Amino acid sequence: DVAKRMYFNNPMWPGEAHSLAVEKILFKEKSEYQEVLVFESTTYGKVLVLDGILQLSEKDECAYQEMIAHLPLCSIKSPKNVLVVGGGDGGVLREISRHSSVELIDICEIDKMVIDVSKKFFPELAVGFEDSRVHLHVGDAVEFIRNVPEGKYDAIIVDSSDPVGPAQELVEQPFFEMLARALRPGGVLCNMAESMWLHTHLIQDMISVCQKIFKGSVHYAWTSVPTYPSGVIGFILCSTEGPPVDFRNPVNPIEKLEGALDHQRELKFYNSQMHKAAFALPPFVRKEVKCL
Ligand code: AAT
């Protein structure tokens, strides 16, 4: 009974739990920040879990990483300087590296163990670290962003975990203010923003904070990721004041990008149609997230 109560008691999704059959535990250790677990599942390939929350599976990581990277990067012309917050597995880096206009990719991940584990067990994601444009910073993103020169980045991608562990501060107003400061005028932010089935309150809070700070535009998009609770995950897309950004109509379509199609790995999920479709919202979301 105790096990059952704990199993159904994650504060992010009380009363529900999701199961994958485990073939074999490959790694389990406590880092300075969280418990890091890797297992081989029966039907979704290898799986990375942090503090009991599934972060990615080999089978469906493409849907998350491709969307969180290309939604912002295909919405502006010739992105050059990009920052990734979190994302220590390297999957988002792998996607950014398809953009040949990009000159610098900074990444700030708090937990070195996530990076090491990814290099060992998820080579198809960690390959992202091999791009010579990537500069790795191991540390808390809140500290990192405080010291970034104003207007440095064209795009920032926040690929962080749920706000219950080290990522708590990453959904609060001061962090968004620092992100906006670090972007150039007309720069873009794409932030992991939970599930519309589970977290409309959280989404509403994040969007109203973003609307105060980002004077360009603020939108919500979503994608299907079967191994995340409720099977979907959303993103908040924001732009700073400056040249307007029309997120719903990519001006930098992936199909026309040099580098994207001769990349060693084909895109599995993202294309311009998926990009446009990601912004379509059901009526209940518009009703519950009032500021959308
Ligand atoms: N691409 C895999 C998906 C993730 S990983 C989130 C990463 O954010 C983790 O590696 C975690 O260590 C890192 N992180 C958490 N807090 C911070 C911080 N303060 N500074 C820098 N990095 C941080 C996200 C999956 C979302 C799951 C949705 N349910």
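Residues numbered from 1 in each chain as written. Predicted model: local features only at pLDDT ≥ 70, side-chain atom pairs only at ≥ 80, totals over all residues. Heavy atoms only, no water.

Caption draft 1: Spotlight on the sheet that holds strand E9 (residues 183-192). Across the sheet, which stays open at both edges, the seven strands sit in the order E7-E6-E5-E8-E9-E11-E10 with mixed pairing between neighbours. For this open sheet the edge positions go to strand E7 (134-138) and strand E10 (217-224), each flanked by a neighbour on one side alone. The average angle at which neighbouring strand axes cross in this sheet is 15°, direction not considered. In the sheet, E9 pairs with strand E11 (residues 232-239) via five bridges, with the strands oriented antiparallel. Bridged to Val188 within E11 is Ser239. (Pairing = 2+ DSSP bridges. Helix = DSSP H or I, 4+ residues; strand = E, 2+ residues; numbered from the N terminus. Axes fitted to C-alpha atoms, helices over the stretch in contact; angles between N-to-C directions.)

Caption draft 2: Broad picture of the packing of aromatic side chains. For the structure shown, the criterion picks out four aromatic pairs. An angle of 85° between the planes, with centres 5.5 Å apart, marks the rings of Tyr64 and Tyr228 as edge-to-face. In this pair, Tyr64 is assigned in helix H2 (residues 61-73) and Tyr228 in the loop between E10 and E11, connecting sequence segments 164 residues apart. With a centroid separation of 5.9 Å and 40° between ring planes, the pair formed by Tyr64 and Phe235 is classed as tilted. Taken together, the positions of Tyr64 in helix H2 and Phe235 in strand E11 put the pair 171 residues apart, joining distant regions of the chain. (Phe/Tyr/Trp six-rings, centres within 6.5 Å; stacked < 30°, edge-to-face > 60°.)

Caption draft 3: Geometry of the side chain of Lys46. Considering the arrangement of structural elements, one finds Lys46 in strand E3 (residues 46-50). A distance of 3.0 Å separates the side chain of Lys46 from the backbone oxygen of Phe121, its partner in a polar contact. (Polar contact = N/O pair within 3.5 Å; in protein donor to acceptor, adjacent residues only side chain to side chain.)

Caption draft 4: Summary view of the state of the cysteines. One pass over the structure, following the stated rule, counts zero disulfides. As a non-bridged cysteine, Cys74 has Cys190 as the owner of its nearest cysteine sulfur, 11 Å distant. With no disulfide partner, Cys238 has as its closest neighbouring cysteine sulfur the one in Cys210, 3.8 Å distant. Taking relative accessible area as the criterion, Cys238 reaches 0% and is therefore assigned buried. (Disulfide = S-S within 2.5 Å. Buried < 20%, exposed > 50% of the residue type's maximum accessible area, 1.4 Å probe, protein only.)

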